[in-house]
Amino acid sequence: MDGCWLLLLGALLLLLPPLLLMEAFGALRFRLKIISYCALCVLLSALAVPVCLLKSGGRSADNMSVVRAFGRVMKYVYGMRFEVKGLENFNIEGPCVVISNHQSVLDMMGLFEILPDRCVQIAKKELLYAGPAGIVAYLAGVVYINRKRTSDAKSIMAEVAQTMLKENLKVWVYPEGTRNNNGDLLPFKKGAFHLAIQAQVPIIPVVYASYHTFYNQSRNLFRTGKIKVEVLPRVETKDLMEENASELTEKCYTMMRETFFQLSNKADETRGSVLAAQ
Ligand SMILES: CCCCCCCCCCCCCCCCC(=O)SCCNC(=O)CCNC(=O)[C@H](O)C(C)(C)COP(=O)(O)OP(=O)(O)OC[C@H]1O[C@@H](n2cnc3c(N)ncnc32)[C@H](O)[C@@H]1OP(=O)(O)O
Ligand SMILES: CCCCCCCC/C=C\CCCCCCCC(=O)OC[C@@H](O)COP(=O)(O)O
């Protein structure tokens, strides 16, 4: 009997190094792929900077179409395909606030896939220091906010409400406020909804299905895949006041969460925590 246990232990000890090696190799491969993705973003940005400068001579939302054209290269390199529904909902006269869920740095591919003309994003100020990517985003009109200084962020958003009307801009906000890949949506921050109410412009919610089948940081998974996207019908904000911001936030959150589960083929929201646990 003792011999049996020893044999089993020996087999386990023999298996352990290759298993650990495979795990380490998986982690390394995942890291390298993410680093190469970021490097490609930086490289494409460096190529786009002079084109933006030649096109507009400085910072302008028109440059975003240049960034979009360069950015669309990435989906071919990383084998991402998109299935988009409701694109016609972007066809509205005048400015609006676009809100979408934010899962990972890979979202840049999904952003450039459907980004309408003259649409700028709200981004955390740290991205300004991402070398050429920060510079090209600045040239394309991206608005940087300091999330740690809420009062500064709010006053910048209040300025954006004026600018978007003056310059006929769409503004893309990630209302979760950070990347989140846990198989559910995080509760929404309220900045996007105050912005839409202050400017009295509609909100267009956009939902990307969960990446869990092809991308998961905790499982070192990053392979090619298909991403379902749905652009939902606009939500009007006309005649809403500041005190309505919370209910507007709740309404959009509920609608987007439902769509997120539908697109991600989840029967109900409890699946979210199951995926998070994987
Ligand atoms: C060339 C190819 C390669 C290219 C690569 C580069 C290309 C670059 C181009 C694309 C760039 C894309 C970049 C994407 C980047 C994405 C990000 O960085 S996501 C992170 C940053 N974005 C956000 O954080 C936006 C979402 N956050 C908010 O809107 C927040 O609300 C906030 C304004 C930051 C404030 O944060 P916080 O205080 O934590 O938030 P709340 O809980 O919502 O609010 C507290 C309180 O304040 C009220 N309030 C909020 N906003 C306002 C307002 N504007 N006016 C008045 N009052 C406001 C809110 O109602 C709450 O009060 P209440 O009493 O509890 O209701
Ligand atoms: C010359 C110096 C060169 C320095 C290069 C630095 C490396 C730059 C790395 C990546 C550049 C690609 C940037 C693509 C834009 C990514 C947008 C994004 O997904 O940001 C995350 C942000 O939304 C939320 O951040 P958190 O989840 O809160 O954290």
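Residues numbered from 1 in each chain as written. Chains lettered and ligands numbered in written order. Predicted model: local features only at pLDDT ≥ 70, side-chain atom pairs only at ≥ 80, totals over all residues. Heavy atoms only, no water.

Asker: Mind laying out the site of ligand 2, listing which residues take part and the relevant values?
Answerer: Surveying the vicinity of ligand 2 reveals 13 residues, the closest of which are His-102, Lys-124, Arg-147, Thr-178 and Arg-179. Lys-124 places a side-chain nitrogen or oxygen 2.9 Å from an oxygen atom of ligand 2. A distance of 2.6 Å is found between an oxygen atom of ligand 2 and a side-chain nitrogen or oxygen belonging to Thr-178. The fraction of the free accessible surface of ligand 2 (770 Å²) that becomes covered by protein chains is 66%. Examining the composition of the shell around ligand 2, we find that three residues originate from one element, helix α1 (residues 2-56), more than from any other. Along the lines of polarity and charge, the residues of the shell around ligand 2 split into seven nonpolar, three polar and three charged. (Near = heavy atom within 4 Å. Polar contact = N/O pair within 3.5 Å; in protein donor to acceptor, adjacent residues only side chain to side chain. Areas by Shrake-Rupley, 256 points an atom, 1.4 Å probe, with all protein chains shown as cover. Helix = DSSP H or I, 4+ residues; strand = E, 2+ residues; numbered from the N terminus. Nonpolar A, V, L, I, M, F, W, Y, C, P; charged D, E, K, R; others polar.)

Asker: Can you tell me about the sheet that holds strand β6 (residues 203-208), naming the residues and giving the values?
Answerer: Across a sheet, strands are paired by hydrogen bonds formed along the backbone, either parallel or antiparallel in direction. Sheet architecture is open: seven strands sit in the order β1-β9-β6-β2-β5-β3-β4, paired in mixed fashion. Strand pairing shows two members of the sheet lacking a second neighbour, β1 (80-85) and β4 (143-145), which therefore form its edges. Within this sheet the neighbouring strands show an average axis-to-axis angle of 25°, counted without direction. In this sheet, strand β5 (residues 170-173) lies alongside strand β3 (residues 119-124) in parallel orientation, the contact comprising three bridges. Note that in β5 the partner of Val-120 across the bridge is Val-171. Its contacts with the sheet put helix α4 (residues 107-114) on β1, β3, β5, β6 and β9 (225-231), and the angle it makes with β1 is roughly 50°. Across the sheet, helix α7 (residues 191-199) touches β2 (96-100), β5 and β6, and the angle it forms with β2 is around 165°. (Pairing = 2+ DSSP bridges. Axes fitted to C-alpha atoms, helices over the stretch in contact; angles between N-to-C directions. Contact = heavy atoms within 4.5 Å.)

Asker: If you had to explain the UniProt feature "transmembrane region" (unreviewed entry) in the protein to someone new, which residues and values would you point to?
Answerer: Annotation from UniProt places "transmembrane region" (unreviewed entry) at residues 34-54 and 127-145. The distance separating the terminal C-alpha atoms of residues 34-54 is 31 Å; by composition the span is 100% helix and 0% strand. The span residues 127-145 carries 42% helix and 16% strand; its end-to-end C-alpha distance comes to 10 Å. (UniProt positions renumbered as here; feature names shortened; annotations may be inferred.)

Asker: Account for the layout of surface pockets, with residues named and values stated.
Answerer: The space that makes up the second largest pocket amounts to roughly 270 Å³. What lines the second largest pocket is a set of 14 residues, among which Phe-30, Ile-34, Arg-179, Tyr-215 and Gln-217 lie closest to the centre. By residue number, the principal contributor to the lining of the second largest pocket is α1, which donates six residues. (1 Å grid on protein atoms, 1.4 Å probe; cavity = no way out; pocket = protein on both sides within 12 Å on 5 of 7 lines; lining within 4 Å. Points joined across faces, edges and corners; volume = space filled by probe spheres on them.)

Asker: Account for the nonpolar core, naming residues and giving values.
Answerer: Among the nonpolar cores identified, the biggest contains 46 residues, and Leu-106, Trp-172 and Val-206 are the most heavily contacted of them. Ranked by residue count, the leading element in this core is α1, at nine residues. Of all hydrophobic cores here, the second largest spans 37 residues; its members include Phe-188, Ala-192, Phe-193 and Leu-232. (Core = buried A, V, L, I, M, F, W, Y, C linked by side-chain atoms within 4.5 Å. Buried < 20%, exposed > 50% of the residue type's maximum accessible area, 1.4 Å probe, protein only.)

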